[in-house]
Amino acid sequence: MVLLGLAACAEQSAGHVGVGEAPPRAVPQDASVEPTDGPFAGTWEACEGTASPEECSRYVLLQRGDRICGTWSYFASGQAYEGRVIARATSSTEARRTHVCGRPGSETDTECDDGWQRIDKPLRLCDGNLGDLTGADGACFADYRAVPTPEEERDALHARLWLQDCLSRDP
């Protein structure tokens, strides 16, 4: 998965928070910030109906307290989509995604170079799996299973300045 670089926000519009601004407030970046694992931390994949492993939908998440930061990706209509996500855990099994950015598609319409798009969508843990949808009856629909995170991928993600900044903010 290609991790997107961080660029300055050129413009702010309704529903968007600039990259240089904190959702909800800024603190200085600290390269020594170490995430602590929480229940949402890890790599999660949903591969049902895919033709190859490269087409799996995926979240790679780090968690510090109730702050969750990471990347998402999916494959649709022959194209790969990927981006960043910020969420806040409200319990050991429930969280709300609050900000996303990435290649415009069904997850976002905001490129990371342009800032963050505000959202209010679930992340849930059910029976050891991660879900990003809620069933029509409110039931947990969890189709992402935990998979090992290659150490080099986790280290590369953790080294990204945007992720260090994300984890150092109060949720």
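Before reading further, recall that the structure is shown in the block above.
Computed from a prediction, not measured in an experiment: that's the story for all the values here.

### So, the layout of surface pockets
Argument step 1. When its volume is computed, the largest pocket comes out at roughly 220 Å³.
Argument step 2. Lining the largest pocket are 14 residues, with Y59, Y74, E107, D132 and Y144 positioned closest to its centre.
Argument step 3. At the level of elements, β3 (57–64) and β4 (67–76) are the ones that each hand at least two residues to the lining of the largest pocket.
Argument step 4. Tallied by class, residues from the lining of the largest pocket come to 5 nonpolar, 3 polar and 6 charged.

### Quick notes on the pattern of salt bridges
Argument step 1. As enumerated under the stated definition, the model contains 7 salt bridges in all.
Argument step 2. As a salt-bridge pair, E45 and R58 come within 3.4 Å of each other at their nearest N and O atoms. One end of the pair, E45, is in strand β2 (residues 42–46); the other, R58, is in strand β3, with 13 residues separating them in the sequence.
Argument step 3. Of the charged contacts in the structure, one is a salt bridge between E153 and R58, with a shortest N-O distance of 3.2 Å. Here the residue E153 occupies a position in helix α1 (residues 151–159), and R58 occupies one in strand β3, the gap between them amounting to 95 residues.

### Overview of the packing of aromatic side chains
A ring pair, where both rings are aromatic, is described by two values, the distance of the centres and the angle of the planes.
Argument step 1. What the rule picks out here adds up to 4 aromatic pairs.
Argument step 2. An angle of 20° between the planes, with centres 5.8 Å apart, marks the rings of W72 and Y74 as stacked. Judged on exposure class, the residue W72 and its partner Y74 are both buried.
Argument step 3. Among the aromatic side chains, those forming a connected cluster through ring pairs are W72, Y74 and Y81.
Argument step 4. Sitting over the face of the ring of Y81, R103 holds its NZ or CZ atom 4.6 Å from the ring centroid.

### Here's the deal with the side chain of R58
Argument step 1. Overall, R58 belongs to the buried group, its relative accessible area being 15%.
Argument step 2. Only 3.4 Å separates the side chain of R58 from the side chain of E45, close enough to count as a polar contact.
Argument step 3. A distance of 3.2 Å separates a polar atom in the side chain of R58 from a polar atom in the side chain of E153.

### Concerning the state of the cysteines
Argument step 1. Under the definition given, this model contains 4 disulfides.
Argument step 2. The disulfide partner of C69 is C166, and the gap between their sulfur atoms is 1.9 Å. Every disulfide takes its handedness from the sign of the S-S torsion; for C69 and C166 that torsion is -80°, giving left-handed. Taken together, the positions of C69 in strand β4 and C166 in helix α2 (residues 161–167) put the pair 97 residues apart, joining distant regions of the chain. Each member of the pair, C69 together with C166, is buried.
Argument step 3. Through a disulfide, C101 is tied to C112; the S-S separation comes to 2.0 Å. One quick way to see it: the torsion about the S-S bond of C101 and C112 is about 90°, and its sign makes the bridge right-handed. Taken together, the positions of C101 in strand β6 (residues 94–102) and C112 in the loop between β6 and β7 (116–126) put the pair 11 residues apart, joining distant regions of the chain. In this structure, C101 and C112 share a single accessibility class: buried.
Argument step 4. In the chain, the cysteines engaged in disulfides, taken in order along the sequence, are linked 1-2, 3-8, 4-5, 6-7.

Calculation criteria
- Residues numbered from 1 in each chain as written.
- Predicted model: local features only at pLDDT ≥ 70, side-chain atom pairs only at ≥ 80, totals over all residues.
- Heavy atoms only, no water.
- 1 Å grid on protein atoms, 1.4 Å probe; cavity = no way out; pocket = protein on both sides within 12 Å on 5 of 7 lines; lining within 4 Å.
- Points joined across faces, edges and corners; volume = space filled by probe spheres on them.
- Helix = DSSP H or I, 4+ residues; strand = E, 2+ residues; numbered from the N terminus.
- Nonpolar A, V, L, I, M, F, W, Y, C, P; charged D, E, K, R; others polar.
- Salt bridge = Lys/Arg side-chain N within 4 Å of Asp/Glu carboxyl O.
- Phe/Tyr/Trp six-rings, centres within 6.5 Å; stacked < 30°, edge-to-face > 60°.
- Buried < 20%, exposed > 50% of the residue type's maximum accessible area, 1.4 Å probe, protein only.
- Lys NZ or Arg CZ within 6 Å of the ring centre and 35° of its normal.
- Polar contact = N/O pair within 3.5 Å; in protein donor to acceptor, adjacent residues only side chain to side chain.
- Disulfide = S-S within 2.5 Å.

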